[in-house]
Amino acid sequence: MKIRLYICIWFFICFGQVFAQSGRKFFNHFTTKDGLASNHVFCIWKDPQGTLWLGTMNGLQRYDGRFFRYYSISSPYGLPPAPVFQIMDDREGRIWIKSGESYGIFDPGNKSFQRIPFSDPTNREYGDFLWKDSEGDLHVVIKRKGVFSYDPENQHFNTGSAFVQLPEDYRINNIYEDQQSGLFYFTCVEGLVIFDKNSGEVYSRHNNPIAHPLLEKEDFYQMTGYFIDEERNHWITYWPDDQVILRFNEKTGEYADFSSSLVMHQSEYNQIDASFQTSGSILWKFGFHSLFLYDSISDGFVSQRTDKLIFGNAYQMVEDEEGSVWFATDEGLFQIPGKTGDIQHTLLPDEVTENGTVAVAEIDRKPKGKPEFWLANWGKGVLVYDHDFNQQPNDFLYTSAPNLSEIKQTWQVLQDSTHGKVWIGCQSGWLHLFDPATDQSFFINPPAVKNSTIRAIAQDKKGNVWLGTQNGKVVKFPVNSPVSATSFELVHNFNVTITFLYPDDKDNLWIATSGKGIHRMDLNTGEINLLLNDRVLSGNNMEKIIRLTDSVMVFGGDLLNLYNVYTRKNQVLSYAEGLSSNKIQALLTDPSGHLWIYTPNGICRYNPKNKSILRYESRDGFLGLEPDGFWGINTRDGRLLFLGFSSLFAFRPEMFEPELTPQKPFITYLQLFNKELYVDSLLSESKRTFGHQQNSFTFYYNTTGFLQQRKLKYYHRLINLETDWVSADEDNKAVYSYLPPGNYIFQVKTENEEGESSETVDFSFSITPPFFETWWFRTLLILLAGGIIAGAYRLHLNRMLAVVALRNRVARDLHDDMGSTLSTINILSSMAKTKLHTDPVKTSEYISKISDNSQRMMEAMDDIVWSIKPQNDSMDKIISRMRGFAAQLFEAKDINYTFEVEENVLEVKLPMDARRDLFLIFKEAVNNLAKYSGSKEAMVHFSLKNNKLNMRVKDYGRGFDPLSADSGNGLSNMKKRAQNMRAYLIIHSKVGNGSEIQLHVPL
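Residues numbered from 1 in each chain as written. Predicted model: local features only at pLDDT ≥ 70, side-chain atom pairs only at ≥ 80, totals over all residues. Heavy atoms only, no water.

> Looking at this model, I keep getting lost on a nonpolar patch on the surface. Mind explaining?
A contiguous nonpolar surface patch, about 640 Å² in accessible area, is contributed by F771, F772, W775, W776 and L780. By secondary structure assignment, the location of F771 is in the loop between strand 65 (761-767) and helix 3 (775-834). (Patch = residues over 30% accessible without salt bridge, like charges linked within 9 Å, V, L, I, M, F, W, Y side chains within 5 Å. Areas by Shrake-Rupley, 256 points an atom, 1.4 Å probe, with all protein chains shown as cover. Salt bridge = Lys/Arg side-chain N within 4 Å of Asp/Glu carboxyl O. Helix = DSSP H or I, 4+ residues; strand = E, 2+ residues; numbered from the N terminus.)

> Looking at this structure, how should I read the sheet that holds strand 64 (residues 742-751)?
In a beta sheet, neighbouring strands pair by backbone hydrogen bonds and run either parallel or antiparallel. Strands sit in the order 59-65-64-61-62 across an open sheet of five strands; the sheet is mixed. Looking at strand neighbours, the two that pair on one side only are strand 59 (688-690) and strand 62 (726-727), the edges of this open sheet. Relative to strand 64, strand 61 (residues 713-719) is paired through seven bridges, and the arrangement is antiparallel. The residue bridging Y714 from the neighbouring strand is T750, located in strand 64. (Pairing = 2+ DSSP bridges.)

> Would you mind going over the pattern of salt bridges with me for this structure?
In total, this model carries 29 salt bridges according to the counting rule given. Residues R124 and D128 are paired through a salt bridge, measuring 3.3 Å at the closest nitrogen-oxygen approach. Overall, R124 belongs to the partly exposed group, its relative accessible area being 23%. Its relative accessible area of 8% is what places D128 among the buried residues. Residue E190 pairs with R171 through a salt bridge whose shortest N-O separation is 2.7 Å. Note that E190 is positioned in the loop between strand 15 (183-188) and strand 16 (191-196) and R171 in the loop between strand 13 (156-162) and strand 14 (172-178), a separation of 19 residues in sequence. Taking relative accessible area as the criterion, E190 reaches 19% and is therefore assigned buried. Overall, R171 belongs to the partly exposed group, its relative accessible area being 33%. (Buried < 20%, exposed > 50% of the residue type's maximum accessible area, 1.4 Å probe, protein only.)

> How should I be thinking about the sheet that holds strand 31 (residues 372-377) in this particular structure?
Ordered in space as 30-31-32-33, the four strands form an open sheet in which the pairing is antiparallel. Two strands lie at the open edges of the sheet, namely strand 30 (357-363) and strand 33 (391-392), each paired on one side alone. Pairing between strand 31 and strand 32 (residues 381-385): five bridges, direction antiparallel. For A376, the partnering residue across the bridge sits in strand 32 and is V382.

> Got a minute to help me understand unusual backbone geometry in this structure?
Outside of glycine, negative phi angles account for most residues, and trans bonds account for most peptide bonds. Its identity is not glycine, yet Q155 carries a phi of approximately 55°, on the positive side. Note that Q155 resides in the loop between strand 12 (146-151) and strand 13. Relative accessible area serves as the criterion here: at 39%, Q155 is assigned to the partly exposed category. Phi at N947 is positive, roughly 60°, even though this residue is not glycine. Among the structural elements, N947 can be located in the loop between strand 67 (937-945) and strand 68 (948-955).

> Even after reading the chapter, I still don't get helix 6 (residues 912-932), so can you show me in this structure?
Since the α-helix advances by 3.6 residues per turn, residues separated by three or four positions end up pointing in the same direction. Taking 1.5 Å of rise per residue, 21 residues should cover 30 Å, and helix 6 covers 30 Å from first to last C-alpha, within 8% of that figure. Where helix 6 ends, the next residue or the one after it, G934, has phi of about 70°, a positive value. (Expected span 1.5 Å × (residues − 1).)

> I would appreciate a short explanation of the environment of G632 in the present structure.
By the element assignment, G632 lies in strand 54 (residues 629-634). C-alpha of G632 to C-alpha of I87: the two residues are 545 residues apart in sequence and 46 Å apart in space. Ignoring any residue separated from it by four or fewer positions in sequence, one finds G632 in contact with A586, L588, L641 and F642. (Contact = heavy atoms within 4.5 Å.)

Below is the structure:
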């Protein structure tokens, strides 16, 4: 048993959950183990979304109920490297912080800190702090100096002009604005000053025309605090010697001194620094070694500090949307869940927890009194508690008890509904009966029990009482039988421990055993009509039974079994399906039909309508819930009461009914690859655009309700990528990697256990494509491809036309050169034939001409074929052919010649037609020179100047007169070919002075 006690103590310490009695609240405690940057938390601010911003010794953090986000203080463009002492917003929604000695505006979007200086250097040795008035304007209160406002035009705090000009020699400590009256209360070293904003008047002890009673107090000195609660009580803190906390009721004019009730009465010093009132009118006072809660019944304050709730300084309190109160201390962040006022947790005295309590029953002992709770304790007997869980004496139960230790080794308690007697099952077969009507106890050891411990007691609808024993016996006590040992009947012996008895309304008794499963016995015949063992159930060790619906019985042991008595099908629920643990310790149902399950790891609620399971934990108010529980009952006033090894837990189940409309979620955090983006600034834009390389996102989302957020189901989807909703993982995040370009809408919704859905939260964004995937680039590509195709087609067409032109030209040349030559040969052949026998000389002449024409035709054919061949396209080939032609002709005529070609001429590229025309012009010029010039010297020169190819063919022969010369076919062909090349043909000649032909071909 001592080991169990140590386990309980370990549980309370390790989980940092604090409980209290006699007006004390329950607390959740967050430290660096939970994600805080430092346990020294100076301030808290709740933003419009409901998330909490924390100022710590190590910087700024944001808490959304799941994660603590840290905002670096090491960045030169972020916060200065100093503790964050204050956080608040202004009328424009900007976040102001005091970091170290600096004030400024923090932009979470780019993590920048804009330092706001004072207009002039000022002494701040007594301290200073930010203060916001009801209109949202920011000021700095410099103690002993004054209140100085922020000047947005010059972006500084104007120390040259005070917010209010206080009376001379009044040194300010603090300020409080009463929005109802429009008065500002300045607490100063010298006393109280009141400023009327409407009239602009300033009042003090020396100037009190309004006869304000507080200004007449002579002992107000070293005033440090002022607060007005909802009842119009003025709470004033001042230090005439020691600290005084005074309450003044403006309605009655009465004063009350609460200094004594706000002292810890311990060796440590404590001090009240601030006040806070919740929306539920709960008044708190806190400060150094101080945390007090006002109790209106006793009209006093109750300290909330215990040996488990230890801190040096409590700095600030805020209230969240669900009514939970959060306060910052130098030992971490504390939360008072908003619903814990309806959850009662009672610790049993240390002297009774050595052996543990195993059962509880609600007992009517006094006819007109409230019911009591009787606890079966193994070692101390029955413990009696009143309706408010205050322990009562139990001596009346044992005045006539035999001197046996077994009498106080109790296992079960039941009050029968027929006669009101209380049945108490004890060790070794002893049965303790107490009659409230006579206040008498009876102690019986029925023979039918066979000295076996009575582990279970139940009463059927007829009033019969049934006992279940350690050794497996089921014993009946018929209704209205005399209370004697012989009135007990042995009905069945299972030879295994009976752990639970449950009579139903169909005359059946359900029997849970340790080792043989569940048995159903007919109450009238005693026959077993149903056996459920490990062939049907999850196992043979069952400890708890309850009816959930008309058709479903629930059995608890190592797992939860839901057995349908009509279909005879069993459903097993475990940790995998959402239970806090596989071990079932107690089962209860509530009026709404929910099943409540007590496990070593917490309490769960099962909804049979939609088969959902909700877990309840410390943040819901179940603080200090023991892992070693045994029993549970439905109290007559509608509460559920669970019994732990050394404590009681009672609450009303309706307080956990789901909200009709689940809370609308919000996106708490967005990562672009590994970079955090501030969501609030993103949501201010209708649509956010990202580049094509900014395409991997992680969305985190939650609800603002810190208590309810883990009771909801979360779903998300990305429109244009997903059509179905995706259930959230444990961290409430959605990861999308390497999204293709496009327009997207990220949606989130919540769903309560009834299946009701919230509004969706939409985050629209687009990812721009790279330039090569844009419409204009694709259009350009299409146009370019069309242009290429058109160009290729045109090139193909031009080539076809060129081929056609070439064929036509070749055909024309063949017709012109070959046709006329062949016609001439044909005529000469006919003439030679006719003269063959009559005129041999003529015939020989004709044959000679035929030979000349044939030679000329062959040369022409060679020129045509040569010009068509691609390998002759280079200028080098042309010059080489020209050189060869000139050499052959000049050497045959014994003409000395020079053939000069400048080097850059060889780089010239000429089209095929121009190349052929150039060669033919050259050939004609050289041919004429050889035939008609009579010159013994000739010169051929090629040059390239001014982007023109120049050709000169010169002789030194007889010359001719170009004007009177017969142009003939030769000269006209040369001019025609030059015209085709768009070249200039110049003929210089003079009789007796030779001739020169110049051809200038533009390139």
